[in-house]
Amino acid sequence: MPEIPTIYTKTRPYKDVSLTFARNVVTSDVVSVSDADAVKRSLKLLILSRAGETPFFPDFGSRIHTLLFEPLDTITSVLLQHEIQATITAYEPRVRIRQLTVTPSSDEQGYDIECFFHIVNQVAPVTLTLYLSRLR
């Protein structure tokens, strides 16, 4: 009987440039952020970017800023959850969302967001925690 080959998944490291633009002492290159930190930074940038503010990409970003000035209730929380999930699904193919929780915080007039997700080709789950509030 022939042997069934084992399927290996190749893990791909994700790298991004650190926004501090600090210099690496050894290589004299810009410091980079890798794997889960790079993906978390990308998600945060995606969620906090307003749709239309990126030149040449009018649909990139989310429309959560319009929802932050709505009443602080469960309906707005559900709308925020759907908007964040749709934005991540549309623009971040490296992420598979497992759980997304949006909790209104009436004391601070904002929303606590917890996103549990898996990075494609990686086993360990990752958590992203954000706080969204109204800014004028």
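Refer to the structure presented above.
Residues numbered from 1 in each chain as written. Predicted model: local features only at pLDDT ≥ 70, side-chain atom pairs only at ≥ 80, totals over all residues. Heavy atoms only, no water.

> Requested: an account of the side chain of S62, with residues and values cited.
As for its placement among the helices and strands, S62 is situated in the loop between helix 1 (36-48) and helix 2 (64-67). Owing to a relative accessible area of 2%, S62 belongs among the buried residues under this scheme. At 2.7 Å, the side chain of S62 and the backbone oxygen of I47 are in polar contact. (Helix = DSSP H or I, 4+ residues; strand = E, 2+ residues; numbered from the N terminus. Buried < 20%, exposed > 50% of the residue type's maximum accessible area, 1.4 Å probe, protein only. Polar contact = N/O pair within 3.5 Å; in protein donor to acceptor, adjacent residues only side chain to side chain.)

> Lay out the pairing of strand 4 (residues 110-119) with the relevant residues and their values.
Sheet topology places strand 3 (residues 95-105) next to strand 4; 10 bridges connect them, and they run antiparallel. Bridging across to strand 4, T101 finds its partner in E114. Looking at chain direction, strand 4 and strand 5 (residues 125-133) are connected through nine bridges and run antiparallel. Note on strand 5: the bridge partner recorded for H118 is P125. (Pairing = 2+ DSSP bridges.)

> I'd like to hear about a nonpolar patch on the surface, residue by residue, with values.
Together, V17, L19, F21 and V30 make up a nonpolar patch on the protein surface, roughly 400 Å² of accessible area in all. For L19, a relative accessible area of 62% gives the class exposed. (Patch = residues over 30% accessible without salt bridge, like charges linked within 9 Å, V, L, I, M, F, W, Y side chains within 5 Å. Areas by Shrake-Rupley, 256 points an atom, 1.4 Å probe, with all protein chains shown as cover. Salt bridge = Lys/Arg side-chain N within 4 Å of Asp/Glu carboxyl O.)

> Provide a residue-level description of the environment of V39, including the pertinent values.
Counting through the fold element by element, V39 comes out in helix 1. Once the C-alpha coordinates of V39 and Y14 are considered, the two residues, 25 residues apart in sequence, prove to be 7.4 Å apart. Ignoring any residue separated from it by four or fewer positions in sequence, one finds V39 in contact with Y14, R94, V95, F117 and I119. (Contact = heavy atoms within 4.5 Å.)

> Explain a negative patch on the surface residue by residue, including any values.
Negative charge collects at one region of the surface, where D107, E108, D112 and E114 lie side by side. Mapped onto the elements, E114 comes out in strand 4. (Lys, Arg positive; Asp, Glu negative; His and termini not counted. Charge placed at Lys NZ, Arg CZ, Asp CG, Glu CD.)

> Kindly report on the packing of helix 1 against helix 3 (residues 74-91), identifying the contributing residues and their values.
Interhelical geometry of helix 1 versus helix 3 gives an angle of 120° and a closest axis separation of 10 Å. Taken as axis vectors, helix 1 and helix 3 run oblique relative to one another. The handedness of the crossing between helix 1 and helix 3 is right-handed. Contact with helix 1, carried on its side by L43, L46 and I47, involves I84, T87, I88 and Y91 of helix 3 and no other residues of that element. Grouping the amino acids of the contact of helix 1 with helix 3 by side-chain chemistry returns six nonpolar, one polar and no charged. (Axes fitted to C-alpha atoms, helices over the stretch in contact; angles between N-to-C directions. Parallel < 35°, antiparallel > 145°, perpendicular 65-115°, else oblique. Left-handed = near helix turned anticlockwise from the far one by under 90°. Nonpolar A, V, L, I, M, F, W, Y, C, P; charged D, E, K, R; others polar.)

> How would you explain helix 3 if you had to name every residue and give the values?
Over its 18 residues, helix 3 extends 26 Å from the first C-alpha to the last, a length consistent with the 26 Å expected when each residue adds 1.5 Å. Every buried residue of helix 3 is accounted for by T76, S77, L80, E83, I84, T87 and I88. The arc that holds every buried residue of helix 3, seen down its axis, measures 130°, which confines them to one face. Among the exposed residues of helix 3, those pointing more than 90 degrees away from its buried face are T74, I75, H82, T89 and A90. (Expected span 1.5 Å × (residues − 1). Arc of directions from axis to C-beta.)

> Any chance you could break down the environment of A51 for me, citing the residues and the numbers?
Its place among the elements puts A51 in the loop between helix 1 and helix 2. Separated by 36 residues in sequence, A51 and T87 place their C-alpha atoms 10.0 Å apart. Filtering out sequence-adjacent residues up to four positions away, A51 remains in contact with P58, D59, F60, G61, S62 and R63.

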